[in-house]
Amino acid sequence: MNNIWGDMAQYDPVTWNWIIAIYLFMAGLSAGSILIGIGLRWYSSDEDKKSGKESAILKAAAIISPIAISLGLACLVLDLTKPFHFWLILINYNFESVMALGVLALLAYSPLGIAYALIVLRDELAKCKLGFLLPVALMLLPFRKAIEVLLFILAIGVGAYTGFLISAMNAYPMLNTAVLPALFLVSGLSAGAAANLVVALLMFNVDSHDKELSKMHRLELPVMGIEIMFLFMLFCALYFKGGAAALALASLTTGVWASVFWIGVVGIGFGIPLLSMLMPASTRHTKTAMIVVACSGLTGVLALRHFIIYAGQSYIY
């Protein structure tokens, strides 16, 4: 009997750890970044499109998206029991599996993201000593619209897929909910917008009053409001399910992950951006203030991914 209780004391319900949380963050960041970049381009005037000049936000998205998904996939491979056998996933498919469908989407999304980056950054290639890639970029340019549409659709799938992936874990009430895909997609948009802003300001020295930045700023409050609404829906769903699902709400009041939620997600992720709106416009629109707010948003989304992964696996049906 003592041995049984000893084994139970050592039991750790967490099977997916921080590496998976980083992957989920990176995949959402990649998808959200390119969705914001392409969306703003489609929303821009015909005059801006015909000018042939790429906006700083779109350039930032073209850099962030392929890099973030590559880092995320590297985390996913490292988490495998046999990392060097990852290629087996690419040739064996079960089309009833959420993971298999996600791998297919990622296989199409990743090279398209690189192709689109070459198109958008064609004028920057020589500056980065990558001028030898310019002929490839020019060859892809006539197909820009088709690549853009496909990439946009796949980005929606990749952003939501991370939520579908963990919602398939039936034993965990917090994870096994239909709200997660929507929550992850919207929080990915929030992270993507923040990262685009930071890269645009730091790498492309865009003016803090740039019209593309202003358009993106107008998205911040609605996206944050939707994100808060989905979080509220998630906790309401747990409460009304009752039983073990309702017990999972204890993750909001006890343990280290409660602190991660209230400090990281609510305090830093939502609190700082919302409080910044009370600042005078002259202060709020300075480069430093904008970067601090954007980094707070990124921190909040990263904290949310960790909270969902760890707190979600701490309560089992």
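The preceding data block contains the structure.
Residues numbered from 1 in each chain as written. Predicted model: local features only at pLDDT ≥ 70, side-chain atom pairs only at ≥ 80, totals over all residues. Heavy atoms only, no water.

A. Quick look at the overall build of the protein. Within the protein, the secondary structure is distributed over 14 helices and 0 strands. Ordered by position in the sequence, the α and β elements of the protein form the string α-α-α-α-α-α-α-α-α-α-α-α-α-α. Expressed as a percentage of its 317 residues, the buried residues of the protein come to 47%. The contacts of the protein with a sequence gap of at least 6 include a subset with a gap of at least 24, amounting to 79%. Of the roughly 15700 Å² that the protein leaves accessible, carbon and sulfur atoms contribute 71%. (Helix = DSSP H or I, 4+ residues; strand = E, 2+ residues; numbered from the N terminus. Buried < 20%, exposed > 50% of the residue type's maximum accessible area, 1.4 Å probe, protein only. Contact = heavy atoms within 4.5 Å. Areas by Shrake-Rupley, 256 points an atom, 1.4 Å probe, with all protein chains shown as cover.)

B. Representation of a nonpolar patch on the surface in the model. Together, Leu 221, Ile 228, Leu 274 and Met 277 make up an exposed nonpolar region whose accessible area comes to about 310 Å². On the secondary structure map, Leu 274 appears in helix α12 (residues 256-276). Classification of Leu 274 by relative accessible area gives partly exposed; the value is 35%. (Patch = residues over 30% accessible without salt bridge, like charges linked within 9 Å, V, L, I, M, F, W, Y side chains within 5 Å. Salt bridge = Lys/Arg side-chain N within 4 Å of Asp/Glu carboxyl O.)

C. Spotlight on the packing of aromatic side chains. All chains considered together, the criterion is met by 6 aromatic pairs. Counting every residue linked through ring pairs, the aromatic cluster contains Phe 235, Phe 261, Trp 262 and Phe 307. (Phe/Tyr/Trp six-rings, centres within 6.5 Å; stacked < 30°, edge-to-face > 60°.)

D. Expanded view of α12. The largest bend along α12 reaches roughly 40 degrees and is located at Gly 267. When we look at burial in α12, the residues that qualify are Ala 258, Phe 261, Gly 264, Val 265, Gly 269, Phe 270, Gly 271, Pro 273 and Ser 276. On its buried side, α12 packs onto α10 (211-241), α13 (281-284) and α14 (287-313). (Bend = angle between axes of the 7 residues up to and from the residue.)

E. View of the environment of Phe 152. Within the secondary structure, Phe 152 is located in helix α8 (residues 144-167). Taking the C-alpha atoms as reference points, Phe 152 and Ile 34, separated by 118 residues in sequence, lie 7.3 Å from one another. Those residues in contact with Phe 152 that lie beyond four places of it in its chain are Leu 35, Ile 38, Gly 39 and Trp 42.

F. View of the side chain of Ser 65. Structurally, Ser 65 is set in helix α4 (residues 56-78). Residues contacting Ser 65, with those up to four places away along its chain left out, are Ser 30, Ser 33, Ile 34 and Tyr 109.

G. Summary view of the packing of α8 against helix α9 (residues 179-203). Contact pair α8 / α9: the axes reach a minimum separation of 7 Å and the direction vectors enclose 140 degrees. One element, α8, and the other, α9, form an angle in the oblique class. Relative to α9, α8 is oriented so that their crossing is right-handed. Mapping the contact onto sequence places Ile 156, Gly 159, Ala 160, Thr 162, Gly 163, Phe 164, Ile 166 and Ser 167 in α8 and Leu 180, Pro 181, Phe 184 and Leu 185 in α9. Across the contact of α8 with α9, the residue classes break down as 8 nonpolar, 4 polar and no charged. (Axes fitted to C-alpha atoms, helices over the stretch in contact; angles between N-to-C directions. Parallel < 35°, antiparallel > 145°, perpendicular 65-115°, else oblique. Left-handed = near helix turned anticlockwise from the far one by under 90°. Nonpolar A, V, L, I, M, F, W, Y, C, P; charged D, E, K, R; others polar.)

H. How the structure looks around unusual backbone geometry. Not every positive phi belongs to a glycine, and Lys 129 is a case in point at roughly 60 degrees. Within the element layout of this structure, Lys 129 appears in the loop between α6 (98-120) and α7 (134-140). Given the relative accessible area of 75%, Lys 129 is considered exposed.

I. Quick peek at the environment of Ala 194. Mapped onto the elements of the fold, Ala 194 is located in helix α9. The contact partners of Ala 194, leaving out residues within four places of it in the chain, are Ala 294 and Leu 298.

J. Quick look at the environment of Leu 76. Mapped onto the secondary structure, Leu 76 falls in helix α4. In sequence terms Leu 76 and Tyr 23 are 53 residues apart; their C-alpha atoms lie 6.3 Å from each other. Here Leu 76 is in contact with Ile 20 and Tyr 23, once residues within four sequence places are set aside.

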